[in-house]
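# Fold and geometry: a report
Listed below, chain by chain, are the residues.
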Amino acid sequence: MSIITKATGKAIGASLDRLDGPEKVSGTARYAYEHHFENAAYLSPVGATVAKGRVTQIDVSEAEALPGVIAVITNETAPKLADTSDRELAVLQSDEVAYRGQYVAAVVAETFEVARHAASLVRVSYDEEPQDAELRWDRDDLYAPEVVNPAFPTDTEEGDFDGAFASSAITLDETYTTPTEHNNPMEPHTTVAIWEGGDLTLYDSTQGVHAVRKTVAGVFGLDRERVRVVAPFVGGGFGSKGLPHANTILAALAAQMVEGIPIKFALTRQQMFTGVGYRTPTIQRVRLGADEDGHLTATAHDVVEQTARIKEFAEQTAVATRTMYATQTRRTTHRLAALDVPVPSWMRAPGEAPGMFALESAMDELAAKCGLDPIEFRIRNEPELDAETGLPYSSRNLVACLREGARRFGWEGRDPSPRTRQEGRWLVGTGVAASTYPVFRMPGSRARIRYEEDGRYAVEIGAMDIGTGTWTALAQISADALGVPIEAINLRIGDTNLPSASVQGGSSGINTWGSTIFEAARVFRERHGQNPSAGDEAEGKLPDNPEMENYAMHAFGAHFVEARVDEDTGEVRVPRMTSVFAAGNIINPKTARSQFLGGMTMGLSMALHEESMMDPRFGHIVNHDFAEYHIPTAADVGEMDISWIEEDDPLVNPMGAKGIGEIGIVGSAAAVANAVHHATGIRVRELPITPDKLLG
Ligand code: MOS
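Residues numbered from 1 in each chain as written. Predicted model: local features only at pLDDT ≥ 70, side-chain atom pairs only at ≥ 80, totals over all residues. Heavy atoms only, no water.

## Re the pairing of strand 12 (residues 199–204)
Of all the six residues making up strand 12, five are buried; the element is thus mostly covered by neighbouring parts of the structure. Here six bridges tie strand 11 (residues 190–196) to strand 12, and the two strands are oriented antiparallel to one another. When the bridges of strand 12 are listed, Trp195 appears paired with Leu200. The hairpin formed by strand 11 and strand 12 contains two residues between the paired strands, and Gly197 there has a positive phi angle of roughly 55°. Relative to strand 13 (residues 227–230), strand 12 is paired through four bridges, and the arrangement is parallel. Counterpart to Thr201 in the pairing with strand 13 is Arg228. Each parallel crossover has a hand, and for strand 12 linked through helix 5 (residues 209–220) to strand 13 it is right-handed. (Buried < 20%, exposed > 50% of the residue type's maximum accessible area, 1.4 Å probe, protein only. Helix = DSSP H or I, 4+ residues; strand = E, 2+ residues; numbered from the N terminus. Pairing = 2+ DSSP bridges. Right-handed = clockwise from strand over helix to strand, strands pointing away.)

## A word on helix 3 (residues 112–121)
All buried positions along helix 3 are accounted for by Ala115, Ala118, Ala119 and Leu121. Viewed end-on, helix 3 has its buried residues packed into an arc of 155°, placing them on one side of the element. In this structure, the buried side of helix 3 is in contact with strand 1 (41–47), strand 2 (53–59), helix 2 (61–65), strand 3 (69–74), strand 5 (103–109) and strand 6 (123–128). (Arc of directions from axis to C-beta. Contact = heavy atoms within 4.5 Å.)

## Examining the sheet that holds strand 11
Within the open sheet, the seven strands sit side by side as 3-5-1-14-11-12-13. Their pairing is mixed. The outermost strands of the open sheet, each flanked by one partner alone, are strand 3 and strand 13. Adjacent strand axes in the sheet meet at a mean angle of 20°, parallel and antiparallel pairs treated alike. Here strand 11 runs beside strand 14 (residues 263–266); their pairing, made up of four bridges, is antiparallel. Among the inter-strand pairings, Ala193 is bridged to a residue of strand 14, identified as Ile263. Against the sheet, helix 3 contacts strand 1, strand 3 and strand 5, and its axis sits at roughly 25° relative to strand 1. Strand contacts of helix 6 (residues 246–257): strand 1, strand 3, strand 5, strand 11, strand 12 and strand 14, with the helix running at about 30° to strand 11, the strand carrying the most contacts. (Axes fitted to C-alpha atoms, helices over the stretch in contact; angles between N-to-C directions.)

## What about the packing of aromatic side chains?
This structure, assessed with the given rule, holds 17 aromatic pairs. Plain terms: the ring middles of Phe596 and Trp644 are 5.7 Å apart, the flat faces sit at 45° to each other, and that makes the pair tilted. Of this pair, Phe596 sits in helix 12 (residues 589–608) while Trp644 is found in strand 28 (residues 639–644), placing the two residues 48 residues apart along the sequence. Look at Trp644 and you get partly exposed, because its relative accessible area is 26%. What links up through ring pairs into an aromatic cluster is the set Tyr31, Phe233 and Trp471. Directly above the ring of Tyr33 sits Lys264, whose terminal nitrogen or CZ lies 4.7 Å from the centroid. Against the face of Tyr393 rests Arg396, its NZ or CZ located 5.0 Å from the ring centre. (Phe/Tyr/Trp six-rings, centres within 6.5 Å; stacked < 30°, edge-to-face > 60°. Lys NZ or Arg CZ within 6 Å of the ring centre and 35° of its normal.)

## Here's the deal with the sheet that holds strand 20 (residues 446–451)
Pairing is mixed across the open sheet formed by four strands, whose spatial order is 22-21-20-23. The strands lining the two open edges of the sheet, one partner per strand, are strand 22 (489–492) and strand 23 (537–541). On average, each strand axis in the sheet is tilted by 20° relative to the strand beside it, whichever way the strands run. Sheet topology places strand 21 (residues 457–460) next to strand 22; four bridges connect them, and they run parallel. Bridge pairing in strand 22 places Tyr457 opposite Ile489. Running at roughly 130° to strand 22, helix 10 (residues 470–482) makes contact with strand 20, strand 21 and strand 22 of the sheet. The sheet contacts of helix 11 (residues 509–528) involve strand 20, strand 21 and strand 23, and relative to strand 23 the element is tilted by about 140°.

## With respect to the packing of helix 7 (residues 352–370) against helix 13 (residues 668–680)
With their axes 8 Å apart at the nearest point, helix 7 and helix 13 run at an angle of 35° to one another. Crossing hand, helix 7 versus helix 13: right-handed. Residues Met356, Phe357, Glu360, Ser361 and Asp364 of helix 7 pack against Ala669, Ala670, Ala673 and Asn674 of helix 13. Grouping the amino acids of the contact of helix 7 with helix 13 by side-chain chemistry returns five nonpolar, two polar and two charged. (Left-handed = near helix turned anticlockwise from the far one by under 90°. Nonpolar A, V, L, I, M, F, W, Y, C, P; charged D, E, K, R; others polar.)

## Considering unusual backbone geometry
Cis geometry is adopted by the peptide bond preceding Pro150, which originates at Asn149 and carries an omega value of -10°. Position of Pro150 relative to the elements: it lies in the loop between strand 7 (147–148) and strand 8 (152–153). Cis peptide bonds are those with omega within 30 degrees of zero, and the linkage from Leu687 to Pro688 qualifies with -5°. Here Pro688 is to be found in the segment after helix 13. At Leu92, a position not held by glycine, the phi torsion is positive, near 55°. Within the fold, Leu92 resides in the loop between strand 3 and strand 4 (96–97). The exposure class assigned to Leu92 is buried, which follows from its relative accessible area of 4%. Despite not being glycine, Arg419 shows a phi value in the positive range, around 55°. Here Arg419 lies in the loop between helix 9 (398–409) and strand 18 (422–423). Owing to a relative accessible area of 43%, Arg419 belongs among the partly exposed residues under this scheme.

## With respect to the domain arrangement of the protein
Along its sequence, the protein is carved into domain 1 (21–28 + 442–544), domain 2 (40–130 + 185–268) and domain 3 (147–180 + 279–439 + 550–694). Placing the centre of domain 1 and that of domain 3 at their C-alpha centroids yields a distance of 34 Å. Domain 1 puts 15 residues into the contact, and the matching count from domain 3 is 15 residues. The junction of domain 1 with domain 3 conceals about 1,100 Å² of combined surface from both sides, 59% of it contributed by carbon and sulfur atoms. Contact with domain 3 buries area across many residues of domain 1, yet Thr468, Ser507 and Asn511 alone supply 41% of it, more than any other trio. Joining domain 1 to domain 3, the criterion identifies zero salt bridges. In this structure, the connection of domain 1 to domain 3 is made through six residue pairs in polar contact (both at pLDDT 80 or more). Ranked by residues supplied to the side of domain 1 that touches domain 3, first place goes to helix 11 with five residues. Partitioning the side of domain 1 that touches domain 3 into residue classes produces four nonpolar, eleven polar and no charged. (Domains from an automatic or database assignment. Buried area = accessible area lost by both parts, 1.4 Å probe. Salt bridge = Lys/Arg side-chain N within 4 Å of Asp/Glu carboxyl O. Polar contact = N/O pair within 3.5 Å; in protein donor to acceptor, adjacent residues only side chain to side chain.)

What follows is the structure in structure tokens.
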């Protein structure tokens, strides 16, 4: 028997404005840095200027002499942390330097300006050691991690790939690369830390208050109850705020040192390029084989990517290839190079975003070799079952997305030959690519519901809204779960004083927290009925979904892109993009559209703009600001046609909703590359597609 009950209310599916909109536009919504304290002090860090070695001496005399400076912290004066096993978080605990920019000191001062100036006066001497920060596929020290993020097998093998590939009628063997990219939410990583009487309070810009509490409590050896983390509003996350990084620890460490003085620490935009995670660069070899009819006989996806010597992060780049298409044989592998670099981490759709650029570019290339339309080629290789698990899909509507997208975009009648359409200097082409994202559910969330004096239901859960619309969507879900109008809901999220909930990541928020709220509502009604008294309350914890054992659960999508390439300059414009998604029931069409739009724009950005340039001689990201690290502005984004198909999937959760935060970016860079190829006849396999790659 299924434990799932379907929502019957009316709030889910309504295109509500954001409930937090008025607070945000009027400036009363408090972000981390905006929590004000009379006696606050400001922190500015000092970053290592070498990529590897030891600090031999730190001269703080000039910095300390500056009026307004309260303290200068170094590895010799910093309080000792209780747990230094996570070397990314072992801030100022030794003289060792493991990457360029790593914190080697910090200044606390009465103003931000004084702190920053004083930080520039701290003189640090190093014993520099040879460093190694260059990712290459032919390194002899590549290794296989035990698992790839978060817990997928590193390698998979189905059937005899080598034999099948060797005897395939049509084959493709190409290498695709994606660069390092840095998360740059509008709000930088920011913390206000207050240490008072053994209690630590953090106003932190994070994707998970409970995750920060757990980690920080462990690092400092505090009982979890002594650490409170507050984050009602967050100005974007994308993954870099999914885990606390060294900046949060440094703020807490400084607060401990000057107990009683609130410490404010906001990274500058340049500091965002060190130490808060980044998308690892990848080198991906894709081999595909097909028979004369365009059925895949062999698929291999072999990935080389980087991690840090001090802590492993293994991006799951080839994982989507395990589920996308039917193929007679399949092999996927991941290998890592451990370098003297900051620790890579999550960035919107880690794994799927770079991996599907390679696979969906390769599918476009092989379709052409097979003489098939790229949509028809994908439909021909649509699988019956999920090859990774052998399970049926709870719902899989990739084909419907491709067909609906083709209709909306006007794909029919497209001449498949490249470089056949020109308007003045502009070469015009169109491209398509598929998208997918798994339905993740994180363990361990709880929600509490209480009927209050004012006749409303307080729904309390330590969940997050990083700008995605959770405030509104969870209120809608709460209303339907309790069978009351949305006005009767008083949602509370973003504080560790609320019941423990998972990180906002992996597009798992609505699935996890919505299911938890449904369960809490069920318990509440069971205990207190339809007419509760003020003060009645109940808690529920995320129930198991037994259907996850029986079905593979993924969202799908299809992107269509028109690209125009200036024949003389190589400039690429994307005047329009059509994307269709199959992501289950949509909780709020208005906020959902923004999620898809943001993902698609980030994919466009990945295709054309974003690239963090590492100078391997210094282990330094050279273009560490918005003058040189390009992201799209409004003028770079053309018409974005966004829609979704009706998909009824009662198996995923009571809302029937799959995650939508990340699927927009997946495959979109490949759709751009495929359109650029169609326009120019030039296949760019190395992101981003900059003008130099399209000239000569
Ligand atoms: Mo997202 S990269 O799962 O925070």
